[in-house]
Amino acid sequence: MKRQVYIYSALFITLALNIPKLFSLRENNPLSHFAPFNLSEVIFQTVLNLIFCLIIFYISDTFKINKVITHLVNLLVLLFFFTIGLSIQKNLYGAGYFLPGRGLGVKLILTVILVLIEVRIVDILRHARMKELENDRLRNANLKAELSLLKGQLQPHFFFNALSSLSGVVREDPAKAQYYINQLSRFFRYSLQKEDTGLVDLKDEINAVNAYAALLKMRHEEGFQLIIDIPEDQQHRRLPHMSFQPLVENALKHNKIPLVLEIRLQDNHVVVKNNLQPVHFPEPGTGIGLANLNERYKILLQQEISINKTNTAFIVTLPLQ
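Sequence order as written defines the numbering, with residues in each chain counted from 1. Totals for whole chains, interfaces and linings use every residue, but because this is a predicted model, local features are given only for residues with pLDDT of at least 70 and side-chain atom pairs only at 80 or more, for both listing and counting. Excluded from the side-chain calculations are hydrogens and water; all other atoms, namely the structure's heavy atoms, are used.

In the nomenclature of an unreviewed UniProt entry, the protein chain is known as Histidine kinase of Chitinophaga silvisoli.

Okay, structure coming up:
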C-alpha cells in the first residue's frame, strides 16, 4: 500500500513540475523566445525527474530513522543526478539562458522538498492509524473483560432467582418444571459458549431471549410479556452477541409490572420497545448497560444504537449487519 502511494505521488510531483513547460507553446509568450519548447527535452527532463523522485522516495523511507543519513544520501543523489542531467542537457539541448540545464536543478531541489513532505505526511497518517487500531484493540479487550464479568454476575444473580422459583414448580407441576429447566439450560449454554466479542445470527439471539423470557414468566407470570415480530427469512442478519438480554433486564429493572416488551424488525434495524412505568427505586442491575452495549456496536458494526424515550414507551434501535 505504501509503495503504491509513493509511486502515484512520484508521478504527481513529476507532472506538476514539468507541465508548466507546456506554457511556452502559447503564442506571444515571452518565455518562448528565451526557452523554446522542445518535446524531446520535456520528455527527457520528465523521465529523469520521475526516476530521481522514485529514488528519493525509496531513500527517505528506508533511512527515515536516521535523518542525518537520509539528508546526506539525498544530497549525494541530488548532486549525482544534477551533474549527469546537466551534462546530457548541455550536449543535447544546449545550456540554459537563466538557469543551468533550463531549470533542471530547480526541479530536482523542489522534488526533494516535496518528497520529504510527502514521506512525513504518510508517517503521521500511519502512526495515527496504528494508534487508532491499538485503541480499538484495548477497547475490545476491555469489553471482553466486562462481558466475562457480566457472565460471572449473571450466573449467581439470575440462577438463584430461577432456582427459587423452580423449587415451588417442581412440587406442583414436575412437567412444567422440566420445561423451565430446559430453558435455563438453553440460556446459560448460549451465554457461555458464544464468542464474547463476535457477531451472531438474529435467530440465535431470538432463541436465547425466548429462553430468558420463559424464565422471567415463571417469576412474573402474566406480568411479563415478550412479543417478537421478525420474519424467518430475515433472521440470518447479524448483531453483537447478548444484545437483547441487557435490554430485557434494563426494562424489568426500571419499570413496574405488567411489562410488555416488543422486538420488531424495521428496515436495517431491530427496534426493542417496552411500555414505560418507571419505578422510584430500581433494583440493582447485573448487566453491562446501554453504554457498554453501544460501545460494542461501535467497534463491531461501526454504528451506534439509538435510544428514544416518550411519555409511554422506551425504545432502543439496534443496527444490523
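Additional details are given in the paragraphs that follow.
Caption draft 1: Here's a closer look at the overall build of the protein chain. The secondary structure listing takes helices from DSSP runs of H or I that are at least 4 residues long and strands from runs of E that are at least 2 residues long, numbered from the N terminus. Across its full length, the protein chain holds 9 helices and 7 strands. We call a residue buried when its accessible area falls under 20% of the maximum for its residue type, exposed when it is over 50%, and partly exposed in between, using a 1.4 Å probe and counting protein chains only. When the 321 residues of the protein chain are sorted by exposure, 40% land in the buried category. Note on contacts: a residue pair is in contact if any heavy atoms of the two residues lie within 4.5 Å. Long-range contacts, defined here as pairs at least 24 residues apart, represent 71% of the contacts in the protein chain between residues at least 6 apart. For the protein chain, the exposed area adds up to about 18,700 Å²; of that, 61% sits on carbon and sulfur atoms. What sets the accessible areas is the Shrake-Rupley method with a 1.4 Å probe; for residues, cover comes only from the shown protein chains.

Caption draft 2: Structural detail: the packing of aromatic side chains. Note on ring pairs: Phe, Tyr and Trp rings are taken, using the six-membered ring of Trp, and paired if centres are within 6.5 Å. Classes follow the plane angle, with under 30 degrees stacked, over 60 edge-to-face and the rest tilted. One pass over the structure, following the stated rule, counts 4 aromatic pairs. A centroid spacing of 4.8 Å and a plane angle of 25 degrees characterise the contact between Phe187 and Tyr212, whose relative ring orientation is stacked. Placement of the pair is Phe187 in helix α6 (residues 174–193) and Tyr212 in helix α7 (residues 202–220), with a sequence separation of 25 residues. Put simply, the rings of Phe52, Phe80 and Phe81 touch in pairs and so form one group of aromatic residues.

Caption draft 3: Quick peek at the UniProt feature "transmembrane region" (unreviewed entry) in the protein chain. UniProt feature "transmembrane region" (unreviewed entry): in the numbering of this structure it lies at residues 5–23, 43–60, 72–92 and 104–122. Annotation note: span residues 43–60, helix share 100%, strand share 0%, distance between end C-alpha atoms 25 Å. UniProt positions are given in the numbering used here, feature names are shortened, and annotations may be inferred rather than shown by experiment.

Caption draft 4: Local environment of the pairing of strand β4 (residues 259–266). By the bridge criterion, 6 bridges tie strand β2 (residues 224–229) to β4 in an arrangement that is parallel. For Leu226, the partnering residue across the bridge sits in β4 and is Leu261. Here a strand pair is declared whenever DSSP counts at least two bridges between the two strands. Summarising the sheet, β4 and strand β5 (residues 269–275) pair through 6 bridges and their orientation is antiparallel. Along β5, the bridge assignment pairs Glu262 with Lys273. From the end of β4 to the start of β5, which pair antiparallel, there are 2 residues, and Asp267 there has a positive phi angle of about 55 degrees.

Caption draft 5: Highlighting a nonpolar patch on the surface. Each patch is built from residues lacking any salt bridge and having more than 30% relative accessible area; the joining distance is 9 Å for like charges and 5 Å for nonpolar side chains (Val, Leu, Ile, Met, Phe, Trp, Tyr). For this document, the term salt bridge refers to a Lys or Arg side-chain nitrogen within 4 Å of an Asp or Glu carboxyl oxygen. There is a patch of nonpolar side chains on the surface, built from Val106, Ile109, Leu110, Ile113, Leu114, Ile117, Ile121 and Leu125 and spanning about 670 Å² of accessible area. Summarising the element assignment, Leu125 is placed in helix α5 (residues 104–172).

Caption draft 6: Looking closely at the nonpolar core. Put simply, a nonpolar core is a bunch of buried Ala, Val, Leu, Ile, Met, Phe, Trp, Tyr and Cys residues held in one set by side-chain atoms that sit within 4.5 Å of each other. Core analysis: the biggest nonpolar cluster contains 45 residues, and Phe224, Phe244, Val248, Ile263, Val270, Val272 and Leu318 have the highest contact counts within it. Among the elements that line this core, the one with the most residues is α7, at 10 residues. Setting aside residues up to four positions removed in sequence, Phe244 forms contacts with Leu202, Glu205, Ile206, Val209, Leu239, Ile263, Val270, Val272 and Leu318. Formed by 20 residues, the second largest nonpolar core is a distinct cluster that contains Leu48, Cys53, Val77 and Val122.

Caption draft 7: How the structure looks around the pairing of β5. Two elements, β5 and strand β7 (residues 313–319), share 7 bridges in a ladder whose sense is antiparallel. When the sheet's bridge partners are listed, Lys273 is paired in β7 with Ile315.

Caption draft 8: Structural detail: the pattern of salt bridges. Per the stated rule, a full pass over the model turns up 5 salt bridges. For Arg126, the salt bridge identified is with Asp123, shortest N-O distance 3.8 Å. Highlighted residues: Arg126 and Asp123, both in helix α5, separated by 3 residues, approximately one helical turn. For Arg126, a relative accessible area of 30% puts it in the partly exposed group. Judged by relative accessible area, Asp123 falls into the buried class, the value being 9%. A salt bridge links Glu262 to Arg264; the nearest nitrogen and oxygen atoms lie 2.9 Å apart. Through salt bridges with shared partners, a single ionic network connects Asp229, Glu262 and Arg264.

Caption draft 9: How the structure looks around the side chain of Lys107. Relative to the helices and strands, Lys107 resides in helix α5. Non-local contacts of Lys107, meaning those with residues more than four positions away in its chain, are made with Leu17, Asn18, Gln45 and Asn49.

Caption draft 10: Just the sheet that holds β5, in detail. With mixed pairing, the 5 strands of this open sheet are ordered in space as β2-β4-β5-β7-β6. Each edge of the sheet is formed by a strand with only one pairing partner; in this case those strands are β2 and β6 (306–309). Each neighbouring strand pair of the sheet contributes to a mean axis angle of 15 degrees, computed without reference to strand direction. Axes, fitted as lines to C-alpha atoms, cover a helix only where it is in contact. Angles between the N-to-C directions of the axes lie from 0 to 180 degrees. Packed on one face of the sheet, α7 meets β2, β4 and β5 and runs near 160 degrees to β2.

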